[in-house]
Amino acid sequence: MTPLEKKISELDPNRIPVHVAMIMDGNGRWAKSHGFVRSDGHAEGVSTVHRVTKLSSDLGIKYLTLYAFSTENWNRPKEEVDTLMYLIGWAIERELPELLANNVKIVLLGDIERIPDEPRQRLFYARNATAHCTGLQLNMCLSYSSRWEITEAVRQIAKAAAEGKVNPDHISEEDVSNHLTTAGIPDPDLLIRTGGEHRISNYLLWQIAYSELYFTSALWPDFSDEDYIEALLDFQNRERRFGLTGDQVKNNK
Ligand code: IPE
Ligand code: IPE
Ligand code: MG
């Protein structure tokens, strides 16, 4: 047994999270610490995406949601944004055969129309090619931010109300959820942020209301399979109470 296999064997197979979300942070600092340019960190980060996707799929996780590019990231230097967009298109094309072989379905969340034409076409191609897949659903958040998404949802609901299709008094939490880009996807059980920052950076604000949060100082390119299993083991040791008392939760089991 390798050290990784041993760690995996410590996981309770009955308590694998259904949905894991990740904030993939720390590429720039990783590059700097190795004397490289920031974009080299993003390129290196692609291999972590590859590993994390494979491991999630192998463990039977149903949804993996990755924050790849935020609405605010558009304000970075043009050169970095251009390289990132190129990398995203290149990576999705390169990964497609293995994604298909592993039955992984690609879903795009965010203001995808803002992505330049070439990478966007590659993303759409991968999404359509994997639409039939029934294994892991890989949600790629691109040009995504939670406030953008919630604002869009409010607009849609307000329009429906103005047209008389919706009674404002009857708008439910479920209606709001159904107007988000994540409609139909269960809320994340676990949110992992790499890179050492303890913040959410405009990610899935509505959806993480009761998610377990896990922060690691590992920079995204260094985030290893062992680190991922460590986060899952930590998750399995927590008691999710959803506002109830500990006794209530225990008696319900
Ligand atoms: C995360 O790494 C990737 C993106 C935001 C696209 P960063 O580029 O934010 O890396 P740091 O935080 O500067 O190290
Ligand atoms: C969050 O990382 C966005 C992504 C990982 C895509 P940032 O590096 O943009 O977040 P801040 O600026 O440190 O909050
Ligand atoms: Mg960052």
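It should be noted that the structure appears before, not after, this text.
About the thresholds
Residues numbered from 1 in each chain as written. Chains lettered and ligands numbered in written order. Predicted model: local features only at pLDDT ≥ 70, side-chain atom pairs only at ≥ 80, totals over all residues. Heavy atoms only, no water. Near = heavy atom within 4 Å. Polar contact = N/O pair within 3.5 Å; in protein donor to acceptor, adjacent residues only side chain to side chain. Areas by Shrake-Rupley, 256 points an atom, 1.4 Å probe, with all protein chains shown as cover. Nonpolar A, V, L, I, M, F, W, Y, C, P; charged D, E, K, R; others polar. Helix = DSSP H or I, 4+ residues; strand = E, 2+ residues; numbered from the N terminus. Contact = heavy atoms within 4.5 Å. Buried < 20%, exposed > 50% of the residue type's maximum accessible area, 1.4 Å probe, protein only. Pairing = 2+ DSSP bridges. Right-handed = clockwise from strand over helix to strand, strands pointing away.

(A) Seen up close, the site of ligand 2. Surrounding ligand 2, one finds Ile 23, Met 24, Asp 25, Tyr 67, Ala 68, Phe 69, Ser 70, Asn 73, Arg 76, Arg 193, Arg 199 and Ser 201. With respect to ligand 2, the side chain of Asn 73 contributes an N or O atom lying 3.0 Å from an oxygen atom. Between an oxygen atom of ligand 2 and a side-chain N or O atom of Ser 201, the distance comes to 2.6 Å. Coverage of ligand 2 by the protein amounts to 78% of the 390 Å² it exposes when considered alone. A class-by-class count of the residues in the shell around ligand 2 yields five nonpolar, three polar and four charged.

(B) Examining the side chain of Thr 194 more closely. Following the sequence through the fold, Thr 194 ends up in the loop between strand S5 (190–193) and strand S6 (212–215). Reaching out from Thr 194, the side chain makes a polar contact with the backbone oxygen of Asp 25 at a distance of 2.8 Å. Residues contacting Thr 194, with those up to four places away along its chain left out, are Ile 23, Met 24, Asp 25, Thr 216, Ala 218, Leu 219, Trp 220 and Phe 223.

(C) Inspection of the pairing of strand S3 (residues 105–109) at higher detail. With four of five residues buried, S3 is to be regarded as a mostly interior element. Sheet topology note: the S3/strand S4 (residues 137–144) ladder contains five bridges and is parallel. Looking at S4, one finds that Val 107 is bridged to Asn 139. The handedness of the S3 to S4 crossover, carried by helix H5 (residues 117–129), is left-handed.

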